[in-house]
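# Residue-level structural notes
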Amino acid sequence: MLKIEKLQVHFGHVHALRGVNLEAARNEVLVLIGPNGAGKSTVLNTVAGLNTPTEGSVHLDETAIGGMTPRNVVKAGLTLVPQGRRLFGSMTVRENLEMGAYTKNDKAKIDDQIARWSEFFPEIGARLGIRASYLSGGQQQIVAIIRGLMSEPRTLMMDEPSIGLAPVVVKRIGVEIRRLNREAGIGIVLVEQNVEFALTVSDRVAILAQGQVVHTGPPRDMRDPALLAHHFFGSTPETEAG
Amino acid sequence: MILFLQHALNGISLGAVYALIAVGITLVYGLSRIIHFAVGELVMLGAYVAWETWRLTGSHTVGLAAAAAVLAVIGMITERGIFRFTLREPLTGFIVSLGLIMILQGIGIEIWSADPRRADPPLAGSWDVSGLIFRKQVAINIGVSLLVLLAAYAVLMKTRYGKAVRAVADDPSAAALMGVPVRFIIMTTFIVGAALAGVGGWVVLTNGSISPFVGEAYLLRGFAVALIGGLGNVQGAAVAGVGMGVAESLAAGYGSPGWNDAYVFGIVILILLWRPTGLGRGSSGAHL
Ligand SMILES: Nc1ncnc2c1ncn2[C@@H]1O[C@H](COP(=O)(O)OP(=O)(O)O)[C@@H](O)[C@H]1O
Ligand SMILES: [Mg+2]
């Protein structure tokens, strides 16, 4: 269980998160949606330890992980697959996956995991020795997700994994995400702009607008054009933060 | 032809030092984005540590080990005491390194005076291979430099630590998300860079005489080499270092001696105009 309470983040004068409350259970896929600049990435980055919150708390099960270094967050069992994949472009695919297991020391087990994922994604397995920057966007996204899984997280956060990908690849990633949750028991928190994708993959959705969670509910809520319009283009002006 | 080979050989031994220095510069820059100009002074300190150790023990081998070890400690002190506070503003780090040049040079003059010092050559004599004169010490120096460079390269490519260094150079935030202690890894590049400069200092000492001002020439050449190799590119720095040494030696051999630096830096400028980011692929690492 990931529990975020009253989380506030400032970037200089920008008040990016204004008291975010959010819970995500291990047995669900939670999708966080919201307009550009709402603070979705900031939520994930802060939980992962990249930003220091000015207020509020974050718990992963019993452990208080708010304000921890990224390294300790990973060790506590939570890993973020960042927006834009962020692979190590000059390193090989295999080295990228090894970096994902940086907090682990069991070399044999790491090799074993890489072999298992290679079987599962043969197109990745065939390219382990290639520089990551030479892969297609879809392949890079799959490597980014596997790299995140190499740390054996209890909860995996993903920031817009579908962005820039062909529909067939998006569909495949959606299937994999649900499988990870149902079969491997990994809690999933996903940030998405692609509402269609969010609908098919999620158990529950939360809408973030202007640094606050303004709505949580079942996926079908996203079928409600009035609700979406209200929170995406809605009544409150976007200029407030600037 | 013999003469050409002779110049080329001398050039390789010169270039090996440039390569050592440039690899340190490029590592530090690649991870911290700090242009560390005091590296010439680190070479100078390494040379004096080697000289003092030789006077004390009579051993150049101990001198080499001491130069690397003491400079590693100095590298750590400068990072902990100064550069870590400038990581968010690499330009400040650069200015600070300029100040450090003055301080370290001042310390050098204070302790050892401005008079040149030299050590007895560790290995006298030379081999004569059909007219090609090969000073034994030059062979040792090339061997030591090459060995150190190869070891650094192997560590970078093959070990867990080396992979973390490359990951931080590529993308520090992503590396942090993998659990890499980014600040610690950056600190180690200051240590390794200074130790490499220390080894360079030993080579400078065994090649001739040293003074507190010996760093300047190595600073300029080290940076030129790092730029040509592509800042952040370790292999590029190593190769460009040797190339620079050979070019310099040939220019000295065939051109008029007074124009030596002009020739060499003329070539550097032309290369950088043609390829502003150097001949190698630089580090594309994001900023901290
Ligand atoms: N590192 C940062 N420095 C300064 N401002 C930032 C930083 N990261 C995000 N912001 C600001 O915080 C707000 C939320 O951004 P973000 O979390 O990226 O939104 P989203 O992911 O929902 O599109 C924006 O106003 C953005 O400009
Ligand atoms: Mg975002």
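We now turn to the structure provided with this report. (Residues numbered from 1 in each chain as written. Chains lettered and ligands numbered in written order. Predicted model: local features only at pLDDT ≥ 70, side-chain atom pairs only at ≥ 80, totals over all residues. Heavy atoms only, no water.)

All names here are of chain A. Across the eight residues that make up helix 1 (residues 40–47), a large majority, seven, are buried. Every buried residue belonging to helix 1 is among Lys40, Ser41, Thr42, Val43, Leu44, Thr46 and Val47, and all of these are buried. In the stretch just after helix 1, Gly49 is the one whose phi turns positive, near 95°. (Buried < 20%, exposed > 50% of the residue type's maximum accessible area, 1.4 Å probe, protein only. Helix = DSSP H or I, 4+ residues; strand = E, 2+ residues; numbered from the N terminus.)

All names here are of chain A. Ordered by their spatial adjacency, six strands build an open sheet running 6-7-8-3-9-10, and the pairing between neighbours is mixed. Edge positions in the sheet fall to strand 6 (78–81) and strand 10 (212–217), since each of these pairs with one other strand and no more. The sheet shows a mean angle of 20° between the axes of neighbouring strands, direction not considered. Inspection of the sheet shows strand 7 (residues 155–159) paired to strand 8 (residues 187–192) by five bridges, in the parallel sense. Residue pairing in the sheet places Met157 in a bridge with Val189 of strand 8. Across the sheet, helix 6 (residues 137–149) lies against strand 6 and strand 7, angled at about 165° from strand 6, the strand it touches most. (Pairing = 2+ DSSP bridges. Axes fitted to C-alpha atoms, helices over the stretch in contact; angles between N-to-C directions. Contact = heavy atoms within 4.5 Å.)

Further remarks concern the site of ligand 1. All names here are of chain A. Lining the immediate surroundings of ligand 1 are Phe11, Ala16, Pro35, Asn36, Gly37, Ala38, Gly39, Lys40, Ser41 and Thr42. Residue Gly39 places a main-chain N or O atom 3.0 Å away from an oxygen atom belonging to ligand 1. The contact in question runs from an oxygen atom of ligand 1 to an N or O atom on the side chain of Thr42, over 2.5 Å. Relative to its unbound accessible surface of 560 Å², ligand 1 loses 58% to contact with the protein. In terms of residue count, helix 1 provides more of the shell around ligand 1 than any other element does, three residues in total. For the shell around ligand 1, a count of residues per class yields four nonpolar, five polar and one charged. (Near = heavy atom within 4 Å. Polar contact = N/O pair within 3.5 Å; in protein donor to acceptor, adjacent residues only side chain to side chain. Areas by Shrake-Rupley, 256 points an atom, 1.4 Å probe, with all protein chains shown as cover. Nonpolar A, V, L, I, M, F, W, Y, C, P; charged D, E, K, R; others polar.)

Attention now goes to the coordination of the magnesium ion (ligand 2). With distances of 2.0 to 2.4 Å, the protein atoms coordinating the magnesium ion (ligand 2) are Ser41 of chain A (OG) and Gln83 of chain A (OE1). You can see Ser41 of chain A sitting in helix 1 and its partner Gln83 of chain A sitting in the loop between strand 6 and helix 3 (93–100), a full 42 residues away along the chain. (Donors = N, O, S within 2.8 Å, 3.2 Å for Na, K, Ca; no water.)

Take the interface of chain B and chain A next. Residue-level contacts link 19 residues of chain B with 23 residues of chain A. Surface buried jointly by chain B and chain A totals about 1900 Å² across both partners, of which 58% is contributed by carbon and sulfur atoms. When the buried area of chain B at its contact with chain A is split by residue, Arg160, Leu177 and Met178 of chain B rank highest and sum to 38% of it. Linking chain B with chain A are three salt bridges, by the criterion used here. Here chain B is connected to chain A by seven residue pairs in polar contact (both at pLDDT 80 or more). At the level of elements, helix 6 (160–170) and helix 7 (172–177) of chain B are the ones that each hand at least two residues to the side of chain B that touches chain A. Sorting elements by how many residues they give to the side of chain B that touches chain A places helix 6 of chain B first, with six residues. Grouping the amino acids of the side of chain B that touches chain A by side-chain chemistry returns 11 nonpolar, two polar and six charged. (Buried area = accessible area lost by both parts, 1.4 Å probe. Salt bridge = Lys/Arg side-chain N within 4 Å of Asp/Glu carboxyl O.)

The next point concerns the packing of aromatic side chains. Residue and element names in this part refer to chain B. In total, this model carries 10 aromatic pairs over all chains according to the counting rule given. Geometrically, the ring pair formed by Tyr48 and Trp112 is stacked, given 4.2 Å between the ring centres and 10° between the ring planes. On the criterion of sequence distance, the pair formed by Tyr48 in helix 2 (residues 39–57) and Trp112 in helix 4 (residues 90–112) is long-range, its members being 64 residues apart. Accessibility classification places Tyr48 together with Trp112 in one group, the buried group. (Phe/Tyr/Trp six-rings, centres within 6.5 Å; stacked < 30°, edge-to-face > 60°.)

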